[in-house]
Amino acid sequence: MKKLVLTTAAMALMAGTALADGHAVVRLGTEGAYAPWNFVNDAGEIDGFERELGDELCTRAELTCEWVKNDWDSIIPNLLSGNYDAIIAGMSITAEREEVIDFTQAYTPPDPSAYVALDASVDLENGVIAAQTSTIQASFIADKGWTLIEFASPEDTVAAVRNGEADAVLADKSFLDTVAGTDGLVMLERMEAIGGGVGMGLRESDADLRAKFDAAISDMKADGTLNTMIAKWEVASQW
Amino acid sequence: MFEFCSDPEALERLRWFACYLSNGKHMAFYASFGTVMVLLAITAPVAMAFGFAGASAARSRILPIRWLGKGYTAIVRGVPDIVFFLFFVIALDQAFEWMRHQIKCPDWADPIRQGNDFIVCGAAKLPLNTAPQWIHETYGFFLAVLTFAIVFGAFAANVLFGAMRAVPMAQLETAAAYGMSERQTFWRVLVPQMWLYALPGLSNLWLILVKATPLLFLLGVEDIVYWARELGGFVNPRFTDYPHGDWRLFYFLGLLVFYLFLTWGSERVLARLTKRLSHGQATMGGEAARREAQA
């Protein structure tokens, strides 16, 4: 209790003295469970393609950035209520999400989604397919009318295939590349062209910040550093 | 951590584990045990205070206060916890920011709600954007405590309300006969005696609270279950120096042991408390204690 009172007092004090400036620190929200896009490394820090990309974008846009880890389920609501200023979590640009938040231009091109299963001859239409909740892959399976089971984290979708709960998992190919070939998991030949590239998500009212990130992404596309980074982390095809 | 950890691939088994179990990720895991314990230590008394206030309000003579107490217990008990955690915390955060906005930025012209967005002036943000990460984490933790306290307070209020009614009427009548005022009767006779009746219900709540902490991650607070999943999950050798298969079973077994110990410890404390509170009560427990003292 004492600690609580102390921290509250400290917070009030800081709130009173610090000068308010719109975006002195830009907080970047990510999931931290989607290698190679974003994950927590051995040291307990956020790492991956988007960590490197985000840090580079902030340097180019001359912003001070800070990383925040947030559950996928509540990643959009927490952006809207201002707990962080941008989502950079392998989020595909879709019309549905565009209604709620704004996206920068895509930093990876649209790539097909892939299936991973224990058996290459799996019958997708009559099988059970795993996908992460609120992803383009989950809505794709639902639209097809196939049997879908949803999981909160990407790791769980693959675990479901490993232990036989699901027959196959549908996810971004780059993510499944990291698990295919282990524990008898194989990638199917069939791919699904869904999603419109991956971009950063921002509040609709935050046009300034969006413009800054957009400019930085264009810059990185132009001088080829973005392609180098994509190749390094094997997250997507080249621009 | 250890010097020999620089090249994990070359290590023999024992040293490999020593290095693996002491990397930064595991340190965060160990620290999260502290987070959970601190959360419990703060939430339990605060929830109890909420519950006591709720129960007292529910038996107030003044109608609006009674409505308030009854409404609080009925509404909170009826809403699923997860809804509370997803919606309520964000609403609470926005309510705080809205109030600060009204005070700090009276000449702000833009609307606060723009479509889906909730925008307050920079000075009203809580915590401020410029605040270091630990302040943000503490604030999230504080919101978690408050939400847990409100939810569990409602259940505690119901338990205490029942316990207050279980105190024998004769006790209260005797107090009145001795000339005690209503307030004196409440504090000197009713409250000391009701705890015994409340204890079974409260101990249930405590044990449920102990196991409810994984809800914390919805609020961005990383608890032990989050880290156990994160650490136990399969990691591709590309992204770690310590590749291993799906070890979640072992991590969750570890958590099982932790929770069992916590439950076991709580049971012991609660048993002692029950014994202590039974003294002098007109119950079977009280009678047993009296006989024991006589023998």
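Quick caveat, the model's predicted, so the values are computed rather than measured.

Moving on, we come to the UniProt feature "transmembrane region" (unreviewed entry) in chain B. Residues and elements named next belong to chain B. Per the UniProt record, the feature "transmembrane region" (unreviewed entry) sits at residues 27–53, 74–92, 139–161, 205–228 and 248–266. End-to-end, the C-alpha atoms of residues 139–161 are 32 Å apart, and along that stretch the chain is 100% helix and 0% strand. The distance from the first to the last C-alpha atom of residues 248–266 is 27 Å, and the span holds 100% helix and 0% strand.

So, about the pattern of salt bridges. Any two side chains of opposite charge can pair, on the condition that their charged atoms come close. Residues and elements named next belong to chain A. Tallying each qualifying case throughout the model produces 18 salt bridges over all chains. A salt bridge links aspartate 102 to arginine 210; the nearest nitrogen and oxygen atoms lie 3.0 Å apart. With aspartate 102 in strand S7 (residues 102–103) and arginine 210 in helix H8 (residues 207–222), this residue pair connects regions lying 108 residues apart in the sequence. With a relative accessible area of 28%, arginine 210 lands in the partly exposed category. One continuous salt-bridge network, built from bridges that share partners, spans Glu56, Arg60, Asp219 and Asp223.

Another point: the UniProt feature "domain: Solute-binding protein family 3/N-terminal" (unreviewed entry) in chain A. The feature "domain: Solute-binding protein family 3/N-terminal" (unreviewed entry), as given by UniProt, occupies residues 25–237 of chain A in the numbering adopted here. Along residues 25–237 of chain A the backbone is 33% helical and 24% strand, and the end-to-end C-alpha distance reaches 32 Å.

Right, let's talk about the sheet that holds strand S3 (residues 38–40) of chain A for a bit. Residues and elements named next belong to chain A. The sheet built from three strands is open, its strands ordered S2-S3-S4 with antiparallel pairing. Taken across any chain shown, the strands that pair with only one partner, and hence form the sheet edges, are strand S2 (33–34) and strand S4 (46–47). For S3 and S4, the ladder comprises two bridges, and the chain directions are antiparallel. Bridge pairing in S4 links phenylalanine 39 to aspartate 47.

With that out of the way, let us pick up empty space enclosed by the protein. Residues and elements named next belong to chain A. On inspection of all chains with the given rule, the structure shows four cavities of 30 Å³ or more. Space inside the largest cavity adds up to approximately 170 Å³. For the largest cavity, the lining is made up of 20 residues, of which Tyr34, Gln132, Thr135, Gln137 and Asp172 are closest to its centre. Elements that contribute at least two residues to the lining of the largest cavity include exactly strand S9 (128–132), helix H5 (136–144), helix H6 (154–162) and strand S11 (168–172).

Moving on: the packing of helix H2 (residues 24–58) of chain B against helix H7 (residues 182–211) of chain B. Two quantities define a packed helix pair, namely the angle between the axes and the distance from one axis to the other. All names here are of chain B. Two numbers describe how H2 lies on H7: the axes approach to 11 Å, and their chain directions differ by 130 degrees. By the angle class used here, H2 and H7 are oblique. Crossing of H2 against H7: the hand is right-handed. Of the residues in H7, those in contact with Leu40, Thr43, Ala44, Met48, Phe52 and Ser56 of H2 are Phe186, Trp187, Val191, Met194, Trp195, Leu202, Trp206, Leu209 and Val210.

Residue and element names in this part refer to chain B. For helix H9 (residues 248–278), built from 31 residues, the straight-helix expectation of 45 Å at 1.5 Å per residue is met to within 8% by its first-to-last C-alpha distance of 44 Å. What H9 keeps buried is the set Arg248, Tyr251, Leu255, Phe258, Tyr259, Leu262, Ser266, Leu270 and Ser278. Immediately downstream of H9, the backbone of glycine 280 shows phi near 75 degrees, a positive value.

Residue and element names in this part refer to chain A. Using the criterion set out here, one finds one disulfide over all chains in the structure. At a sulfur-sulfur separation of 1.9 Å, the disulfide partner of cysteine 58 is cysteine 65. Here the S-S torsion is close to -85 degrees, and the disulfide linking cysteine 58 with cysteine 65 is therefore left-handed. On the basis of relative accessible area, cysteine 58 is assigned to the buried category, the value being 3%.

All right, on to the sheet that holds strand S8 (residues 113–117) of chain A then. All names here are of chain A. Reading across the sheet, the five strands line up as S10-S9-S11-S8-S12 and stay open at both edges, with mixed pairing between neighbours. On the outer flanks of this sheet lie strand S10 (147–151) and strand S12 (186–192), each paired with one strand and no other. For this sheet, the mean inter-axis angle between neighbouring strands, taken without regard to orientation, is 30 degrees. Note: S8 against S11, five bridges, orientation antiparallel. Bridge pairing in S11 places valine 116 opposite valine 169. Where H6 meets the sheet, its contacts fall on S8, S9, S10 and S11, and the angle it forms with S9 comes to roughly 165 degrees.

Bringing the confidence of the model for chain B into the picture now. All names here are of chain B. Here chain B shows a mean pLDDT of 86. Residues at 70 or above account for 98%. For chain B, the element scoring lowest by mean pLDDT is strand S1 (residues 113–114), at 76; helix H6 (residues 169–177) scores highest, at 93. On the interface metric, ipTM, the complex scores 0.72, and its pTM is 0.77.

This next bit is on the packing of aromatic side chains. We describe a pair of aromatic rings using the distance from one ring centre to the other and the angle between the two ring planes. As enumerated under the stated definition, the model contains 28 aromatic pairs over all chains in all. Arranged with centres 5.7 Å apart and planes meeting at 35 degrees, the rings of phenylalanine 52 of chain B and tryptophan 187 of chain B form a pair that is tilted. Residue phenylalanine 52 of chain B is located in helix H2, and its partner tryptophan 187 of chain B is located in helix H7; the two are separated by 135 residues in the primary sequence. Phenylalanine 52 of chain B gets classed as buried once you look at its relative accessible area, which sits at 17%. Each residue in the set Phe29, Tyr30, Phe33, Tyr251, Phe258 and Tyr259 of chain B is aromatic and connected to the rest through ring pairs, giving one cluster. Positioned above the aromatic ring of tryptophan 239 of chain A is the side chain of lysine 221 of chain A, whose terminal nitrogen or guanidinium carbon lies 3.9 Å from the ring centre.

Definitions and cut-offs
Positions within a chain are numbered from 1, following the residues in the order the chain's sequence is written. Chains carry letters and ligands carry numbers; both start at the beginning, A for chains and 1 for ligands, and go up in the order they are written. Thresholds applied to this predicted model are a pLDDT of at least 70 for local features of residues and 80 or more for the giving and counting of side-chain atom pairs; totals over whole chains, interfaces and linings are not thresholded and use all residues. To get the side-chain values, take all heavy atoms of the structure and skip hydrogens and water. UniProt positions are given in the numbering used here, feature names are shortened, and annotations may be inferred rather than shown by experiment. Under the scheme used here, helices are H or I runs from DSSP no shorter than 4 residues and strands are E runs no shorter than 2 residues, and both carry numbers assigned from the N terminus. By definition, a salt bridge exists where a carboxyl oxygen of Asp or Glu is found within 4 Å of a side-chain nitrogen of Lys or Arg. Buried residues are those whose accessible area, probed at 1.4 Å on protein chains only, stays under 20% of the maximum for their type, while exposed residues exceed 50% and partly exposed ones sit between those limits. Only when DSSP finds a minimum of two bridges between them are two strands counted as paired. Buried and open spaces are told apart on a 1 Å grid over the protein atoms alone, a cavity being a set of points where a 1.4 Å probe fits but cannot get out and a pocket being an open set with protein on both sides within 12 Å along at least five of seven lines. Residues with an atom within 4 Å of a point are the lining residues. Grid points are joined across faces, edges and corners, and a volume is the space filled by probe spheres set on the points. A fitted line through C-alpha atoms serves as each axis, taken over the contacting stretch for helices, and the angle formed by two N-to-C directions is quoted from 0 to 180°. When describing relative orientation, an angle under 35 degrees is termed roughly parallel and one over 145 degrees roughly antiparallel, while 65 to 115 degrees is termed roughly perpendicular and anything else oblique. Helix crossings are classified by the rotation of the near helix relative to the far one: an anticlockwise turn of less than a right angle makes the crossing left-handed, while a clockwise turn makes it right-handed. Any pair of residues with heavy atoms lying within 4.5 Å of one another is described as a contacting pair. Here the expected length of a helix is defined as 1.5 Å per residue gap, with one fewer gap than residues. The term disulfide is used for any two cysteine sulfur atoms that are within 2.5 Å. Every residue is assigned a pLDDT by the predictor, reflecting its confidence on a scale from 0 to 100. Each aromatic pair joins two rings of Phe, Tyr and Trp (for Trp, the six-membered one) with centres within 6.5 Å, and gets the label stacked for planes under 30 degrees apart, edge-to-face for over 60, and tilted for any other angle. Lysine and arginine charges are scored as sitting over a ring when NZ or CZ, respectively, is within 6 Å of the ring centre and within 35 degrees of the ring normal.

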